[in-house]
Every structure is written in structure tokens, then in C-alpha cells.
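Chain and residue survey
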Amino acid sequence: MAAPRSARLCLLVALALDAARVHGDQNVYLPVALELLDAPEHFRAQRVGHYPPSNSSLGSRSETFLLLQPWPRAQPLFRASYPPFTTQQVVPPRATEPLHRLVPWDVRAVSVEAAVTPAEPHARVLFHLKGQDWPPGPGSLPCARLYATHPVGTAHRACRFQPALGACVVELELPAPWFSRGTPSWATLAYMLEPAVEGPGGCAPGGDEDPGQQALPVGSVELRPKDPPQHQEVPLDEAVTLRVPNTPVRPGQPFTATVLLRHNFTASVLTLRIKVKKGLQVTTARLVQPALWTAKLDRIKGSKHHSTLITCHLSGPVGPDPSPPELSELLWVDFLVENSTSGAVAVTRPVTWQLEYPGQAPDAEKDKMVWEILVSERDIRALVPLAKAEELVNTAPLTGQPGHIPVRLVTVDAGGALAEVTEHIGCESANTQVLQVSEACDAVFVAGTESRGAKGVRVDFWWRRLRASLRLTVWAPLLPLRIELTDATLEQVRGWRVPGPTDGAPEPEPAEEAERRARGCRLLYQRAGVRVLAPFAAHAQGGGRLAHLLGPDWLLDVTHLVAPHARVQDPRVASLEGGRVLVGREPGVTAIEVRSPLSDAILGEQALAVTDDKVSVLELRVQPVMGISLVLSRGTAHPGEVTATCWAQSALPALKQEVALSLWLAFSDHTVAPAELYDRRDLGLSVSAEEPSAVLPAAEQGAQLRVVVSGGGTEALPLHVALHPPEPCRRGRHRVPLASGTAWLGLPPTPTPAPALPSSPAQSPPATEASMGGEQQAASSVGVKGKFERAEEDREAKEEEEEEEEMVPAPQRITDLELGMYALLGIFCLAILIFLVNGVIFVLRYQRKEPPDTAANPASPQPHNWVWLGTDQEELSRQLDRGAPELPRGEGSCPCGSGVGGEAQAPVPGPPGDTLGPSSTLARKEMGRRKRVEFVTFAPMPPAQLPEEPAAVQSILVAGEEDIRWVCEDMGLKDPEELRNYMERIRGSS
């Protein structure tokens, strides 16, 4: 049973290692630099959990970009570079555009009219170039051709973009047969871009063919058989209404205002007072029903105003009308606009209307209405806002810099003329929590204080009596930001030492620097790549579902935006280099955080750890690069989505072929890292080939390892690459490399596997090696060395032991938790020390008392002190009879203390037959008179004086002078006079 279990365990371990290796292979890519030119705003995008993409490998790389505001003057350009190789390619057209488009422009088409009539059968469409500025001169701008398709036929016309505004208007006249149906119909509008030509108008005549699927849609226009009314109705009071034209008028053009009466009008006399300024005059007043009403016109001229008084009288009876209309026309008032407009594009002329009735008090408040008519020298048909872009990615919360889109207001005249409006403009944003508009109405912007994004947010513009709206989409980042690390636990790399003392070490003296150079090295910590990602979203109109930019599983790379605001919380543990590379410094736990430049709030955070555990470089994966190829493709999730895929070219080397080597380090913790993450001075790289003089040094440019291969052969050439510590931290010239790898130029031979660089240098055949040291001097001077020499295993082991001894460990920083634990441990130690000191003091204080010697007489009783309280004489006599005979004592002495003279007297035992002394007899005599306190002491005799005698029992009753004296000498009352006074006090109290 043990054998199958061990076999199963080995199989599981092998599968786990294979899975880890496959996962490591999926995390590698060709570290080629991809740049997007001629695109002012773009982002790198990636799917959640798919970096690098699945189609990336050691020899290829795939990146997705999002283009937001392309320049119209040239197509965006992709450049892929891996020195010394560079390639570039133009971004292909968008997927929604025709494949044969000849000019790379981003165009916005706006239909000016929603409906046309036989009186005005012109469909007008404004074409505007989005994006940034374009070079001056008409030769670089294209033409836009508008197609109108109706069931009856197709009509088309073209216009050429003007350099001033980057816009033009096509005024296409629809044929009269399209209106002959008598019912409303629709015509479909579409356009195509075509290059400009020499000649009138700058555009080709074009044919009558149907554009089909090649044209881009604009919308539809309604064909109405009758003219729609172009007026507005304004009430003067409850019974009288005024109908005025709602279109601008031109100088010298007459227009008419109509006075209407409601069915509840009952007065027979009506007076209408009209006041106008100079430049506008009332010509006539015409009655609709002259048989019922009469009108009188009076003019009053003033210095600034001209007044006209129109009085209407009901002259005949009004016949009964069973169904009177809601409004009936009473009077037509004709006006004429003078030719003088002071050279202004458009001015307003105010007209004041006032009603008066008979019998009305002169000072009574009369109904007045001021109406303004727009007088313009041009036949202005519409106001159109032109924006550089239709969507905005709000990165202001991340960078602190407002994002804006320029806006220009233009008017469209009859005939297709355009004019920019810069004065007397009004604007307002419908939702300031998403998008704001500048005071000058020349830009919409986000300042970073907006709370969310939205699709189709509306911004209103007005000029005079013309109004227009602009709808934009604002994408806002969803917080918190996502910080991704290629390795969240950085460990020390075994055997990889780099120059430089540890943090906090003193600087060596100049004289000692050369001696301590080899010993002033420290172990290198791993490094990790850092990417900061964010999803961008916008709310749909009406509070619908949340829409994500590119999709819910897509993230935008904002590392370049937040790099100035990203930092490591504890810079002693790790540091950021360029905002993209995480460098371990010393063991500890910390986090990378991105703070808001506006509020200093944390926008995103990612924990990391730096440990002093050792990892090894297991493998050096090498990819030769002899050229790069680039392929671009458009995506379908967004019009600006572009995917760039780059491959490394590797074939049989030509004569003096320059080869760049891409290196990846595979560590024992199943992580991989490109060599570009590490400092070039910390990499000691060497390249060797089996053929003599096959490898030559190449000029150093950047961090890539480059060599020149002689080439010219017909067989594949293997290159052996080895990684060493930098030159100052090597011991001896024949160090075993940290890791090695082999790259084949061309296809490797099929029968035999590709040879790898052996662990022992002696196993490699004669080779020519190009070595690159760790310092800049060694990196710039690549020399040619001989083959590796064999080193004995014991010498290698000895050098490894010496190396470990010479390694300067990184200083251990005490964390707050460790500091608290050490403080608690110190308190415990202090408490134990105090306890021990108290014990020692107690022992020293009471060591003078000699314990009873039970060894000489084991049967001797232990010393006890007894106190008898009571008056029972029989029991007292019984206790006294049990005592031992009293020992004789001399003057001034007692067996329990010092004599009066200050000398210690040893008690002398009495004869065995004497069991009761005079003090006992005195106690019996006094017992019947008072309560007595008896002190009975049982103590053995010191063994040195009476080794054979039993312990004596002394009985002391507070009855006589001698007894009290014998008991109380230990109290310090040694003088006879003091004892006498003390005894008298006791007797007096009893």
C-alpha cells in the first residue's frame, strides 16, 4: 500500500509543478515597447484577469488600446521598438467605416431641418471634423457628399470642408415629384467622404448611382405637402391673443402680426397701442371682417420711439353662431423693417403691445406685452454647437487636472453659409453632477468634483431666439482603483549580491573602500511590476443600467496618470521606481496606495510583503530577437478599440547579424520577471557560443542584451546566456552562474535536444563568450573570454559558505507589534526580578533565627507558644503540672533574651525532680482573684550546650513581679525601675 501512495504523491507533485510551469509560461511576453503616435488621448486596456493576453508568449506580445480623440490630420500611428529594431504601422479604419475610404477623417453629421415643404424643399446637413486642429490650407481637407434616397429616386450634392471651422453645409434641393403624394413621406440621408479635386467647389460632380452599403447614415427628413406654421401665439389679456412670426426677418422684409379674439370677448370698442423703436415701423392695419368692424390708425412720432394707435369699433350686429371658434381673427397689422442694422449680424427689435378699453381709468394698470423680433441680414436657419468629441473620459479625480472639450457655436444660413457666434451666448448643463459648462460657453469640462458619469447628458445653448442642444457621454472611474502586482511577496534572491551597503551602515573611508568593496555587498530582493487599473462606467438616460466602457470585464490602465500620486506607505520596506517598478528594501509588511490629488483620500490600496526568505533563480529564459513584425486589428466593443500584436523574428543569422536577447528570470517561488525590471548595473550577463569567433560584442544601447553573430552558416546556432552577480560582488573569475539558458538562432536540430548551459563550467565545449558586467563600465566594454574552467565541488561549496558569511544581512526593523511584545516581556522580567529581590531580603532578615535541631533528638517537640485565657483553676493546674522543672537563672538574665547587663545568658536546666517553680505556686494563689493570661513556651535546648537533655517547658503567669519581669525583658524593659513601673500599672488596671 505504501508504494502506490508514494507513486500517487509523486504524480500529484509532478502535476503541480507542471501546472506552475504552465502558469509561468502564460505570464511571459516579449517586452517590446508599443507606442501610439498622433493620438492625444488614449489608454491601454485589458480584460479582468487576462494580463498578459492568452496569445502572448516569450516571443510575442499583444496589447489593446483605446483611442478617444484621434487627430484628423493624419491617421494614428503605432510604433513597436525593441532596440535596435523598430517597426510602425498606420491604424486601420474603424469597423463602422467603409473599407475603401481614401481619407482618414472623423466626421460628425448634423441634420439641420427635421422637415421640408414644397415652399422650402431644401435638406441641409452640417458636416464637422472632430478631433484636434488640422494644418491650414484647403488642399488637405476632403469633400462630403450627401445622398437623399426616396422611393421615387436619389439625389446628391457635395461640399468641401473649410479650414476656418473644419465644417461645411450641404444644401440639397429635393425634387418636386417627391412631394406629389399628398401625404407625408420620408427620405433617408447618408454621406460619403471623397478627396477634393481642382475646379469650382473643389468636389467632383459625382454620379447618380445609389451608394448602397458604402455610405454612412445621417438620418431621415420628413417631406410634408404643406408648409408648417412658423408663428407663436402670445395672450394680451383673457380675451385677446396676438399671433406673431417665429422666424428671423431680414432688413426691408415686411411681416404681419395678427390680433385674435376669443369667444368670450364682449366689448364693442378696442384700442391697441403699439410702440416701436427706430428701424421698425407700422405700415397698415387691415380688418379681417370690414363689415362688422371699423379701424382707425393714428401715428405719433417721438425722439426714440414711434407710437401707433389703432381703434376698432363694432359697426354691425353679430349674427348668432351655434359653434363659435376658440379664436377668431380680428385685425392684421403690417410691419416693415428698415435697411439699417448697424452692420450687426443679428439684432432684436422690441415691440410693445398695450390694450385699452372705454371707461378705463387713466391711471389704471393696463395690460402690456413686449415682443422682440429678430432682425438679421442673413437668413439664419439654425444654431449648431460643434464639439471636438462626443465622449469624455473623466480622469480629473485621478490627476487633479480638469478635462475639457472645446465647443464652438455656428449659425447655418439659407444657402449653406456658416458663421461663428461669440457674443450674447447663453448655456447651461442639464446635470452639473456629471458635466459642467464654462461661463463663456466655449467648452464643457469636468473638474474632478463630479459624482458619476452618464450617457447622453444634455448641454443647452441659446443665442437670441435660437436654441440648440449638445449631448455628450461622460465616463467616470469606479473606485477603488485596482492595483495589480506581478508578485505581492518579494524575497531575497539566493546568491545574488549587488554593490552597496545596507541602509544605515556608515560610509567607509576612502582608504578602506577598495578593501571593503568586495565585502560591501548585500543580497538583492525581488522586484515586481506595478499596474493601476480602473473600470469606467456611465449611467444610462433615465437612471437605467450602468454601462461600462468597452464592457464590464474591461479595465483601463491609468498607471501613467496616477504615478505622481502613488507611494509606498513604509518606504523603508519597499519603494517605487517610476511608478511602475516595486523594489524591495528590507523585511516588513506595507502597502502601495494611490491618493487623490484633490482631497488626499485613498483611491486604491494593495498590500505587499518583503521577507528575508531565500528564493533561487531556477532558469533563464532567452528569446533571440532578429527583427520584429507588427499587426493591427480593429475591435468591435468601441469604435476606438485597436489591438496590436508584435512578434519576434528569429531565423538563421546572416553575416554579422545583430541579435537582441530578451531575458526572463524564473524563480523557485513560481514567479517570472523580465530582466527589464532590474537595474542594468545589477545584471552580470555573459553570452557564449560553441563556434569560435561566433559571438562579438555589440554597442550598448538601453538595457537589452545585444550581440553580433558572425552567421553565414546553414545550421542553427545555439547561444548560451548566463546570469552572474555584478563584477564587484563576485569572488574569483570562475564563479558558477546564478542561472543559465540557451537560445537557438534558427530551428534547433531535431534528433538532439537543444544543449543548455551546464551547472559546471567544465561541461561546456570550447566556446567564445561575450560578457557583460554589472557596473556601467563593464556593461559598456564587452570583451571576448575563453571557455569556462572546471572548478572542484569542494571549492565551490567552500566559496558558497564564505559567500553566505560575507553577506551583510539587511537590518531588521522592529515593528509596532514586536515592540509591544518586547515591552510586555520586559515588564514580566522586572516583576520576576522584584520577586527574587524580595525573597532574598526576606531570607537575609530571618536567617538569624536558628531552627530546632531535630537531628540530635528527633523525639524533641517543636517550639510552640501557647496563650491560656480563662479562670478554670483545675485546668490551669493541670496545664502547669505538665510543664518541665524551671531552669535556674542568674540575676538579670532570662532564657528568652538578653540580661540586664546586655550579655546573653544560656539557660541551665534544673534537676529532673523539680517540676514546679515558685512562679507556679504564685499563680495558684492569684488564680482565684482575677482572670489571668498564661504564656506557655515549649522550646528545646540548644544542642551545643545540652545535647542529651529534653526540652524544657517554661510557664509564665502574669501574677508576680518576677514572672512579669521574666516575660517582659524581651520588650526592652531591662532596667529594674522600668519593670517596677510597668508591673504597678498592670496591677492598677486589674
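Just so it is clear, the structure is predicted and the values come from calculations on it, not from any experiment.

**Regarding the overall build of the protein chain**
Along its length, the protein chain carries 11 helices and 59 strands. By the burial criterion, 44% of the 990 residues in the protein chain qualify as buried. Of the contacts formed within the protein chain by residues at least 6 apart in sequence, a portion of 70% connects residues at least 24 apart. For the protein chain, the computed accessible surface area is about 51500 Å², with 53% contributed by carbon and sulfur atoms.

**Quick notes on the pairing of strand β36 (residues 527-534)**
In terms of burial, β36 is a largely internal element, 8 of the 8 residues being buried. Neither face of β36 is left uncovered, since the one carrying R527, G529, R531 and L533 and the one carrying A528, V530, V532 and A534 both have all their residues buried. Where β36 and strand β42 (residues 581-584) come together, 3 bridges link them in antiparallel fashion. For R527, the partnering residue across the bridge sits in β42 and is V583. Judged from the 2 bridges that link them, β36 and strand β39 (residues 554-557) form a sheet pairing that is antiparallel. Looking at the pairing, L533 lines up with D557 of β39.

**Observations regarding the environment of L745**
Locating L745 in the fold gives a position in strand β54 (residues 739-745). Overall, L745 belongs to the buried group, its relative accessible area being 0%.

**Concerning the pattern of salt bridges**
Counted according to the given criterion, the structure contains 27 salt bridges. The salt bridge partner of R595 is E593, with a shortest N-O separation of 3.1 Å. Take E593: its relative accessible area is 1%, and that puts it in the buried class. Ionic contacts of the salt-bridge type, sharing partners, join the residues R567, E593, R595 and D600 into one network.

**Quick word on the side chain of T671**
Within the secondary structure, T671 sits in the loop between β48 (657-667) and β49 (672-674). Among the polar contacts made by the side chain of T671, one reaches the side chain of D669 at a distance of 2.7 Å.

**Observations regarding the sheet that holds strand β1 (residues 33-37)**
Pairing is antiparallel across the open sheet formed by 3 strands, whose spatial order is β1-β4-β5. Edge positions in the sheet fall to β1 and β5 (85-90), since each has one partner strand and no second. Pairwise comparison of adjacent strand axes, ignoring direction, gives a mean angle of 20 degrees for this sheet. Inspection of the sheet shows β1 paired to strand β4 (residues 77-82) by 5 bridges, in the antiparallel sense. Bridged to L37 within β4 is L77.

**Some words on the state of the cysteines**
Following the criterion strictly, the structure yields 4 disulfides and no others. In this model, C143 is linked to C203 through a disulfide, with the two sulfur atoms separated by 2.1 Å. Here the S-S torsion is close to -95 degrees, and the disulfide linking C143 with C203 is therefore left-handed. Taken together, the positions of C143 in strand β9 (residues 143-150) and C203 in the loop between β12 (185-194) and β13 (216-223) put the pair 60 residues apart, joining distant regions of the chain. Each member of the pair C143 and C203 is classed as buried. Shown here is the disulfide that connects C521 with C729, its sulfur atoms set 2.1 Å apart. Here C521 and C729 share a disulfide; its torsion about the S-S bond, -90 degrees, makes the bridge left-handed. In this pair, C521 sits in strand β35 (residues 521-525) while C729 sits in the loop between β53 (717-724) and β54, placing the two residues 208 residues apart along the sequence. Of the two residues, C521 and C729, neither departs from the other in class, the shared state being buried. With its bonded cysteines labelled in order along the sequence, the protein chain shows the pairing 1-4, 2-3, 5-6, 7-8.

**A short note on the nonpolar core**
Among the nonpolar cores identified, the biggest contains 37 residues, and W496, L661, L663, Y678, L719 and L723 are the most heavily contacted of them. Secondary-structure elements contributing two or more residues to this core are β34 (489-499), β42, β45 (617-625), β48, β50 (684-689), β52 (705-709), β53 and β54. Counting residues per element, this core draws most heavily on β48, which supplies 5 residues. Once you skip the residues sitting within four places of it in the chain, L719 turns out to touch L661, V687, S688, A689, V695, V707, V709, G741, T742, A743 and L745. L485, A528, L561 and I592 belong to the second largest nonpolar core, which has 36 residues in total.

**Examining the environment of G166**
Topologically, G166 is positioned in the loop between β10 (153-160) and β11 (167-173). Sequence-wise, G166 and L129 are 37 residues apart; in three dimensions their C-alpha atoms are separated by 5.5 Å.

**Looking at the packing of aromatic side chains**
Across all of its chains, the model carries 11 aromatic pairs by this definition. Ring centres 6.4 Å apart and planes at 45 degrees place the aromatic pair F265 and W293 in the tilted group. Of this pair, F265 sits in the loop between β16 (254-262) and β17 (269-277) while W293 sits in strand β19 (residues 293-301), placing them 28 residues apart in sequence. For the pair shown, F265 and W293 are each scored as buried. When the ring of F335 is compared with that of W353, the centres are 5.8 Å apart and the planes differ by 65 degrees; the resulting orientation is edge-to-face. Of this pair, F335 sits in strand β21 (residues 327-337) while W353 sits in strand β22 (residues 346-356), and the two are 18 residues apart along the sequence. Exposure remark for F335: the relative accessible area of 1% places this residue in the buried category. Classification of W353 by relative accessible area gives buried; the value is 1%. Members of the aromatic cluster, each reached through a chain of ring pairs, are F255, F335, W353 and W371.

**A word on unusual backbone geometry**
Put simply, Y51 and P52 share a cis peptide bond, and its omega is -10 degrees. With respect to the secondary-structure elements, P52 resides in the loop between β2 (42-47) and β3 (60-67). A cis geometry characterises the amide bond from P83 onward to P84, with omega recorded as 10 degrees. When you line up the elements, P84 lands in the loop between β4 and β5. Notably, H424 is not glycine yet its phi reads approximately 60 degrees, a positive angle. Counting through the fold element by element, H424 comes out in the loop between β27 (418-421) and β28 (425-429).

**Re a nonpolar patch on the surface**
A contiguous nonpolar surface patch, about 440 Å² in accessible area, is contributed by L830, L833, I834, V837 and I841. Inspection of the secondary structure puts L833 in helix α7 (residues 816-846). Here L833 falls in the partly exposed class, since its relative accessible area comes to 49%.

**Section: the confidence of the model for the protein chain**
In low-pLDDT regions, the fine details of the predicted coordinates are not to be read closely. On average, residues of the protein chain score 76 in pLDDT, and 68% of them are at 70 or above. Across residues 1-24, confidence stays below pLDDT 50; counting only partners more than four residues off in sequence or on other chains, it has 6 contacts.

**Looking at the sheet that holds strand β14 (residues 231-235)**
One open sheet accounts for 5 strands, arranged β14-β15-β16-β21-β18; its pairing is antiparallel. The open sheet has two edge strands, β14 and β18 (280-287), and neither has a second partner. For this sheet, the mean inter-axis angle between neighbouring strands, taken without regard to orientation, is 25 degrees. Relative to β16, strand β15 (residues 240-245) runs antiparallel, the two being bridged by 4 bridges. Along β16, the bridge assignment pairs V240 with L261.

About the criteria used
- Residues numbered from 1 in each chain as written.
- Predicted model: local features only at pLDDT ≥ 70, side-chain atom pairs only at ≥ 80, totals over all residues.
- Heavy atoms only, no water.
- Helix = DSSP H or I, 4+ residues; strand = E, 2+ residues; numbered from the N terminus.
- Buried < 20%, exposed > 50% of the residue type's maximum accessible area, 1.4 Å probe, protein only.
- Contact = heavy atoms within 4.5 Å.
- Areas by Shrake-Rupley, 256 points an atom, 1.4 Å probe, with all protein chains shown as cover.
- Pairing = 2+ DSSP bridges.
- Salt bridge = Lys/Arg side-chain N within 4 Å of Asp/Glu carboxyl O.
- Polar contact = N/O pair within 3.5 Å; in protein donor to acceptor, adjacent residues only side chain to side chain.
- Axes fitted to C-alpha atoms, helices over the stretch in contact; angles between N-to-C directions.
- Disulfide = S-S within 2.5 Å.
- Core = buried A, V, L, I, M, F, W, Y, C linked by side-chain atoms within 4.5 Å.
- Phe/Tyr/Trp six-rings, centres within 6.5 Å; stacked < 30°, edge-to-face > 60°.
- Patch = residues over 30% accessible without salt bridge, like charges linked within 9 Å, V, L, I, M, F, W, Y side chains within 5 Å.
- pLDDT = per-residue confidence, 0-100.

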